[in-house]
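Coordinate analysis (summary)
Next come the chains, spelled out residue by residue.
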Amino acid sequence: MNFRAIIYNSATLNAPKNILQFLFGVIIYGSLTGNYDIIKTVLAASGLSFGLGAIYLFNDLTDYEEDKKNQMKISWKAIANGSISVGTAKYLIVILSVLGTLFSFLSGAIFFSIYAAIIGLNLLYSYPAIRLKTHKNSSLIVITFIQLLKFSSGWFLFTTSLNGFPFPFVISLSVGYSLLFLYYKNNTANAKKIIKENKLRVYPLSLIMFGFLLISFFMYAFPVVFVLILGMSVPTILFYTLSKEHLGTKVNFAFMYAGLIIILLSFLLLSVPMVTATNDTLVGYSNQIKEMLKNVYLNK
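Source: prediction; values computed, not measured.

**A short note on the layout of surface pockets**
Estimates place the volume of the second largest pocket at around 380 Å³. Lining the second largest pocket are 17 residues, with Ile27, Ile28, Gly30, Ser31 and Leu32 positioned closest to its centre. Among the secondary structure elements, those contributing two or more residues to the lining of the second largest pocket are helix 2 (10-33), helix 3 (38-67) and helix 11 (252-268). In terms of residues, the lining of the second largest pocket owes the most to one element, helix 2, which gives six residues. Residues belonging to the lining of the second largest pocket are distributed by class as follows: twelve nonpolar, five polar and no charged.

**Let's talk about the environment of Asn18**
Here Asn18 shows up in helix 2. Residue classification places Asn18 among the buried residues on the basis of a relative accessible area of 1%. In this structure, the C-alpha to C-alpha distance between Asn18 and Ser46, residues 28 residues apart in sequence, is 10.0 Å. Contacts of Asn18, omitting those with residues within four sequence positions, involve Leu48, Leu52, Tyr56 and Lys150.

**Side note on the UniProt feature "transmembrane region" (unreviewed entry) in the chain**
When the UniProt feature table is mapped onto this chain numbering, "transmembrane region" (unreviewed entry) sits at residues 12-32, 38-58, 78-99, 105-127, 139-158, 164-184, 200-218 and 254-275. Taken end to end, residues 164-184 has its terminal C-alpha atoms 33 Å apart, with 86% of it in helix and 0% in strand. Between the first and last C-alpha atoms of residues 200-218 the distance is 28 Å; the span itself is 100% helix and 0% strand.

**Remarks on the packing of aromatic side chains**
Under the criterion given, the structure shown has 15 aromatic pairs. Where Phe24 meets Phe151, the ring centres are 5.8 Å apart and the plane angle is 80°; that geometry is what we call edge-to-face. One end of the pair, Phe24, is in helix 2; the other, Phe151, is in helix 6 (residues 136-156), and 127 residues separate them in sequence. Aromatic side chains Phe58 and Tyr127 sit 6.1 Å apart centroid to centroid with 10° between the ring planes, which places their arrangement in the stacked category. Highlighted residues: Phe58 in helix 3 and Tyr127 in the loop between helix 5 (109-126) and helix 6, separated in sequence by 69 residues. Here the aromatic residues Tyr29, Trp155, Phe156, Phe158, Phe165 and Phe167 are joined through ring pairs into a cluster of three or more.

**Concerning a nonpolar patch on the surface**
Residues Leu123, Leu124, Tyr127 and Ile130 make up a contiguous nonpolar surface patch of about 320 Å² in total accessible area. Along the chain, Leu124 turns up in helix 5. Residue class for Leu124 comes out partly exposed when judged on its relative accessible area of 32%.

**Observations regarding the pattern of salt bridges**
In this structure the tally under the stated criterion is three salt bridges. A salt bridge links Asp60 to Lys77; the shortest N-O distance between them is 2.7 Å. Taken together, the residues span a long stretch of sequence, with Asp60 in helix 3 and Lys77 in the loop between helix 3 and helix 4 (86-106) at a distance of 17 residues. Taken individually, Asp60 and Lys77 each receive the classification buried, so the pair is uniform in this respect. Asp63 is paired through a salt bridge with Arg131; the nearest N and O atoms lie 2.3 Å apart. Note that Asp63 is positioned in helix 3 and Arg131 in the loop between helix 5 and helix 6, a separation of 68 residues in sequence. On the basis of relative accessibility, which here comes to 6%, the residue Asp63 falls in the buried class. In the salt-bridge network here, residues are joined through shared partners; they are Asp63, Arg131 and Lys133.

What counts, and at which threshold
- Residues numbered from 1 in each chain as written.
- Predicted model: local features only at pLDDT ≥ 70, side-chain atom pairs only at ≥ 80, totals over all residues.
- Heavy atoms only, no water.
- 1 Å grid on protein atoms, 1.4 Å probe; cavity = no way out; pocket = protein on both sides within 12 Å on 5 of 7 lines; lining within 4 Å.
- Points joined across faces, edges and corners; volume = space filled by probe spheres on them.
- Helix = DSSP H or I, 4+ residues; strand = E, 2+ residues; numbered from the N terminus.
- Nonpolar A, V, L, I, M, F, W, Y, C, P; charged D, E, K, R; others polar.
- Buried < 20%, exposed > 50% of the residue type's maximum accessible area, 1.4 Å probe, protein only.
- Contact = heavy atoms within 4.5 Å.
- UniProt positions renumbered as here; feature names shortened; annotations may be inferred.
- Phe/Tyr/Trp six-rings, centres within 6.5 Å; stacked < 30°, edge-to-face > 60°.
- Patch = residues over 30% accessible without salt bridge, like charges linked within 9 Å, V, L, I, M, F, W, Y side chains within 5 Å.
- Areas by Shrake-Rupley, 256 points an atom, 1.4 Å probe, with all protein chains shown as cover.
- Salt bridge = Lys/Arg side-chain N within 4 Å of Asp/Glu carboxyl O.

Rendered as structure tokens:
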């Protein structure tokens, strides 16, 4: 195994994404309660990263013959490009699995249950005898549930209560991730073609995503977060479009991370007094709109 393989493979490239998704729940819980445990957070984040790292390598191991033919994936699929041997990959899978399971178990029973569910769903997705990844509808359902669990895992590291947890927003994020995943799996930069070929999946999922996003806007007391996300997303999407024209689909990873950072940063900014004041103002407007809609409904 060469030095490049250590830092440039499926496990390491996906680790920051998984940690950011995990931190979503931690940040929400911390912002609402003011409580969090750094050691427990690091332990759980490490457990999730190690466990999923083993899954990514296992997935690459089962797909390496196919990945060899894929020019987009070959650069970072370390087993397919030969920078990690099959034997080394098997050893790494065992080591990462043991570390992930141990750290997750030490993080608490609830978190360990979520970790086990995430690993189990991933195995259903990629295990050769089951391989739900070959089923278009089932694969998207599994991917959505995996993201739902990852985005929620940081919250349930500290509590079993759903009180204050923005579940509809998490559903929206998870469905949005599945749509991006569908785009990635089609291995093309032609989004219109993907939508046309998968309209029976894209349209219902898009409707669910925007529906739960709208519910979240009126249901939870942080409308400024949505404004911040929108404000930071517009220039990011523009930059992504321009970058893709020159670099192709290689930029997808970078901008997926950018999207997650924007979401986390928007929630973190709620602690800034000026942002808090703006949020309170928007909550007032939101309550007025709710009251107007309620009156319109009652007068029908």
